[in-house]
Structure formats: C-alpha cells, structure tokens
Amino acid sequence: MIDLYTWTTPNGRKASILLEELGIDYTVRAIDISKGDQFAPKFLKIAPNNRIPAIVDHDTGVQMMESGAIMLYLAEKYGRFLPEGDARWPAVEWLMWQMGGVGPMFGQVHHFVKFNSGKSAYAEERYSKEAKRLYGVLDRRLDGRDYIAGAGRGEYSIADMASWPWISRYEWQQIDLNEFPNVRDWYVRVAERPAVQRGYQVPRYVNDVPLP
Ligand SMILES: N[C@@H](CCC(=O)N[C@@H](CS)C(=O)NCC(=O)O)C(=O)O
C-alpha cells in the first residue's frame, strides 16, 4: 500500500494522476500547503525539502520526495507508462524537461503574474516570455505526435503526466491554447482520460478540469 502526501497543485496532481492510471490502492494524506502543513516535523522526515508530493511505499519501505523521482519509481515498479527500448530515454528526457523547465518557470509565472501582479514588471515579462517559449517547444515536439514520448505517433507515458497538470493552468499563465494547436489537442486528449479526471481531484475537488 502506498501513502501519497499531496495537495491540489500541479506537482501533486502529477503523482495522483499516475496512481489513478496505475489503478492501485493508495491512501491520500492531504498536506495543506496554504496552512503550513509541509513544515510539520513528521512530514519533514518523509520530505526533507518541505514540498509535496511525497510517497511512502509500505510494501518496500521506500519513502520519497520529488515528483519526477516518484514517477520513475512507480513506473518502474509497476512496469507501465515508461516506454521500453529506444523510446525509454526520450521519455526520461522530456520528464526532466518538465522538472527543470516547465515546473520552475511556470511556478514563477503563477507567483508573479497570477498572485503578485504589478509588483515586478521585469519578473512578469521574463517568466511569461520563458513560459511562452516552453509552450512553443512542446508544440513543436507534438507536431505529428499524439503523445510526448514513445515511438511513432507516441505512447502515453509519465512524460505526458508530468507536463499536463502544468498546462492545465494555462489561464493562470495567460496563455491562449489556440496559439499552440498541437499542445491544445494533446491537452484535451489527455484531459479526456478518466484517470486524469480522477487524479485532478486529489486530495479534494477545487474546480472541473479546465477545457479550452
Ligand atoms: N521539484 C519538486 C517541487 C515540489 C513543489 O514545489 N511543490 C509545491 C507545490 S506544487 C510545494 O510543496 N510548495 C510548498 C511551499 O512552497 O512551501 C517536485 O517536483 O516535487
């Protein structure tokens, strides 16, 4: 049995969407980061960086922070959503692209543009420009493909599950998805998956999955 420590954020939803896709039993432990639950000493023992998501796998004794590591761990453990052979490393590559680019940069857009608008024109411009650039990179990657990684037109994988929850906040980022048609079509394709719909509402309902 796996315990998932999470909240209603893109990084949290990455893990809950994967667990829903895997169809395994797991226990949700809500860490309300708006109330400071992430700083509780008990949580710190599991997640030394004070961030969600984190998991404890009671089958193996593994406890882990960092959403990218959690996704790799679960995909490997259950043998799903990480392509085999030549397609494996591109999936890891695009997972790392999300971890190093999309997550940190979009996070700054949310901070400066959505929640602190008017405080720093420089930061708003810098991070919005970088977010748009990353949308462009993803749009080009998805040209002629249904999914980010995998052979041929692609195979749904943890690379998609990692980026999708960040793209789901396109309104916060003031992005018109119609400017990035390949991203828009992929976003809707992934949004239609029942497991994605369920995982989005963990640990609780905030809003319906946004649709362009
Ligand atoms: N690189 C980490 C980032 C995790 C992260 O930033 N989580 C946010 C929510 S999306 C958080 O816990 N924030 C709490 C805080 O800022 O104190 C991961 O991918 O797991």
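1. Details of the pattern of salt bridges
Taken as a whole, this structure holds twelve salt bridges when the rule is applied. Taking the shortest distance from any N to any O, the salt bridge between D3 and R29 comes out at 3.4 Å. With a gap of 26 residues between them, D3 in strand β1 (residues 2–6) and R29 in strand β2 (residues 26–30) connect regions that are remote in the sequence. Judged by its relative accessible area of 5%, D3 is buried. Salt-bridge contacts for R184 lead to D185; the nearest nitrogen and oxygen are separated by 3.1 Å. On the accessibility criterion, D185 (37% relative accessible area) is partly exposed.

2. Quick word on the domain arrangement of the chain
Domains assigned within the chain are domain 1 (2–80) and domain 2 (85–193). Spacing between the C-alpha centres of domain 1 and domain 2 amounts to 21 Å. Contacts between domain 1 and domain 2 engage 16 residues on the former and 15 residues on the latter. Overall, the association of domain 1 and domain 2 removes approximately 1,300 Å² of surface from exposure, summing both partners, and the carbon and sulfur fraction of that is 69%. Where domain 1 touches domain 2, the interface holds two salt bridges. The salt bridge partner of E76 is R88, with a shortest N-O separation of 2.6 Å.

What counts, and where the lines are drawn
Residues numbered from 1 in each chain as written. Predicted model: local features only at pLDDT ≥ 70, side-chain atom pairs only at ≥ 80, totals over all residues. Heavy atoms only, no water. Salt bridge = Lys/Arg side-chain N within 4 Å of Asp/Glu carboxyl O. Helix = DSSP H or I, 4+ residues; strand = E, 2+ residues; numbered from the N terminus. Buried < 20%, exposed > 50% of the residue type's maximum accessible area, 1.4 Å probe, protein only. Domains from an automatic or database assignment. Contact = heavy atoms within 4.5 Å. Buried area = accessible area lost by both parts, 1.4 Å probe.

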